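# Observations on the model geometry
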Amino acid sequence: MIDPIPAVVPAGRMSAGGQPVFDLGHGFELRPWSSADADVLAESCRDPEIQQWNRPGLLSPAEAAAKIASWRQRRLAEQAVIWAIAPLGDGRPVGLIGLADIDLHGGSAEFLYWLLPSGRGHGLMAGATDRVSRWALEDLGLHRLRITHSVANTASCRVATEAGFALEGTMRSALLHADGWHDEHLHARVQGDPWPADRSG
């Protein structure tokens, strides 16, 4: 009989305790979304860039509130964990970052993220990706994190590169966007990869 391979991360580790809050510096933090943020989430669906690259559909404020509530349940089920990027002190979110498709047994997860226009151009997303990566690999204990994006989405490619995610290749015709099928870049970070020097402090 072949012994089964043990889980990379034991079940229950991610759901134990509350969702962590992280200081990003420069007056911003990562915190859980709340029902009070529903109008921001609904607003994000009307942003052309977010709609193009993240395909969220359109949400009413009530639907957005229900989605935020579902994120808490998904974290407790150890399926995903989603943060708001917001000014310190429960400020209005300017973006979202999270891990989805979490496989604790296999030790992997995939990033998702976006910024509203008010959050763009300040380097927030690369810093947020770095911070969530450190939590996922060092604290939670995952082995591999990945970022996928359309090859036309240069902003997302820049975030992945600045956060130290190596470009592993191009997946042909991998995701359907509103304007047709897009090739996608696959970036990844695994345990033991060096952290970006300018974010190592």
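Residues numbered from 1 in each chain as written. Predicted model: local features only at pLDDT ≥ 70, side-chain atom pairs only at ≥ 80, totals over all residues. Heavy atoms only, no water.

## With respect to the overall build of the protein
In terms of regular secondary structure, the protein is built from five helices and eight strands. Here the C-alpha radius of gyration of the protein, 17 Å, is about what a compact globule of 201 residues would show, namely 17 Å. Referenced to the eigenvectors of the C-alpha coordinate spread, the extents of the protein come out at roughly 55 × 40 × 35 Å. Across the 201 residues in the protein, those meeting the buried criterion constitute 45%. Here the analysis covers contacts within the protein between residues at least 6 apart in sequence; of these, 63% occur between residues at least 24 apart. Of the roughly 10100 Å² of accessible surface on the protein, a fraction of 55% belongs to carbon and sulfur atoms. (Helix = DSSP H or I, 4+ residues; strand = E, 2+ residues; numbered from the N terminus. Rg over C-alpha atoms; globule rule 2.2 N^0.38 Å. Buried < 20%, exposed > 50% of the residue type's maximum accessible area, 1.4 Å probe, protein only. Contact = heavy atoms within 4.5 Å. Areas by Shrake-Rupley, 256 points an atom, 1.4 Å probe, with all protein chains shown as cover.)

## Here we look at helix α4 (residues 124-140)
Taking 1.5 Å per residue, 17 residues should reach 24 Å; α4 reaches 22 Å between its end C-alpha atoms and fits that length. Along α4, 14 of the 17 residues are buried, which leaves the element largely enclosed by surrounding structure. (Expected span 1.5 Å × (residues − 1).)

## Notes on the sheet that holds strand β7 (residues 166-177)
Pairing is mixed across the open sheet formed by eight strands, whose spatial order is β1-β2-β3-β4-β5-β6-β8-β7. Taken across any chain shown, the strands that pair with only one partner, and hence form the sheet edges, are β1 (22-25) and β7. Between one strand and the next, the sheet's axes are offset by a mean angle of 25°, whatever the strand orientation. The pairing of strand β2 (residues 28-32) with strand β3 (residues 81-87) spans five bridges and is antiparallel. Note on β3: the bridge partner recorded for R31 is A84. Of the strands in this sheet, β1, β2, β3, β4 (95-103), β5 (108-115), β6 (144-150) and β8 (180-190) are in contact with α4, which crosses β4 at around 30°. Sheet contacts for helix α5 (residues 154-162): β5, β6 and β8; angle to β8, the most-contacted strand, approximately 10°. (Pairing = 2+ DSSP bridges. Axes fitted to C-alpha atoms, helices over the stretch in contact; angles between N-to-C directions.)

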